[in-house]
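Results of the structural survey
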Amino acid sequence: MGFYYFYEEYFSVNLKDYPNIGIDLEISKLLFYFCIGVMIAAIVLNYKRACTVSLIKKLLRYNSTDEESAKTLAELNIKDIGAKVALSTGRIERMIGISDKKEYTFEEYSALIKKKGFKDEKIDFNNAKLYIKKESLEEAKKIAEQKSPTVLNTILFCLFLISIYVCIALVVPEILNLINMIL
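First, a word on scope: everything that follows refers to the structure included in this document. Keep in mind it's a predicted model, so treat the numbers as computed, not measured. (Residues numbered from 1 in each chain as written. Predicted model: local features only at pLDDT ≥ 70, side-chain atom pairs only at ≥ 80, totals over all residues. Heavy atoms only, no water.)

**Examining the nonpolar core**
In this structure, L55, I56, L59, I92, I96 and L130 are the most contacted members of the largest nonpolar core, which totals 20 residues. Secondary structure elements with two or more residues in this core: α2 (27–61), α3 (81–87), α4 (90–95), β1 (96–98), β2 (130–132) and α6 (137–145). If we ignore the near neighbours within four places in the chain, the residues touching I92 are T52, I56, A86, L87 and I143. Within the second largest apolar cluster, five residues are counted, among which are M39, C158, L161 and Y165. (Core = buried A, V, L, I, M, F, W, Y, C linked by side-chain atoms within 4.5 Å. Buried < 20%, exposed > 50% of the residue type's maximum accessible area, 1.4 Å probe, protein only. Helix = DSSP H or I, 4+ residues; strand = E, 2+ residues; numbered from the N terminus. Contact = heavy atoms within 4.5 Å.)

**Focus: the environment of C51**
By the secondary structure assignment, C51 is in helix α2. Considering only alpha carbons, one finds C51 and P149, 98 residues apart in sequence, at a separation of 9.6 Å. Non-local contacts of C51, meaning those with residues more than four positions away in its chain, are made with D80, G82 and A83.

In structure tokens, the structure reads:
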């Protein structure tokens, strides 16, 4: 008795089995793939959030609030890719400055984008010196005060999703039987 047999026997919800409903669709696979997608998204988002909070806390700990006190990722002892991904998001990108990188106003950047062949400069994460901008210092402190998501929270959320999926997969056939008998 393998996983596929167990899945087909207990969790398969196929609308072909209910001729009075008139829909030909296998719901269980859609629910299963949706559940897997939400779990993957939760894991990635929690990892990114944890890396963002860690980066901001380290910048605040080293008091990196201007270009003179800016630190590289190596000086902050950050070696994972999560900080690089966090730096590429809009909110954090506006909050954290990179020394020796030209800052553009909206009008200047709009004019540059319209030029043919314009490419935005890539960030050299090995040598980039990072600091928290003065105008974003209060927002950075609020983020640093928040608890970073833990692995346990992520696992509990995934288990919660699995339990919801199991409940739906067990209850939906009964509801469909009832609807099929009524029709």
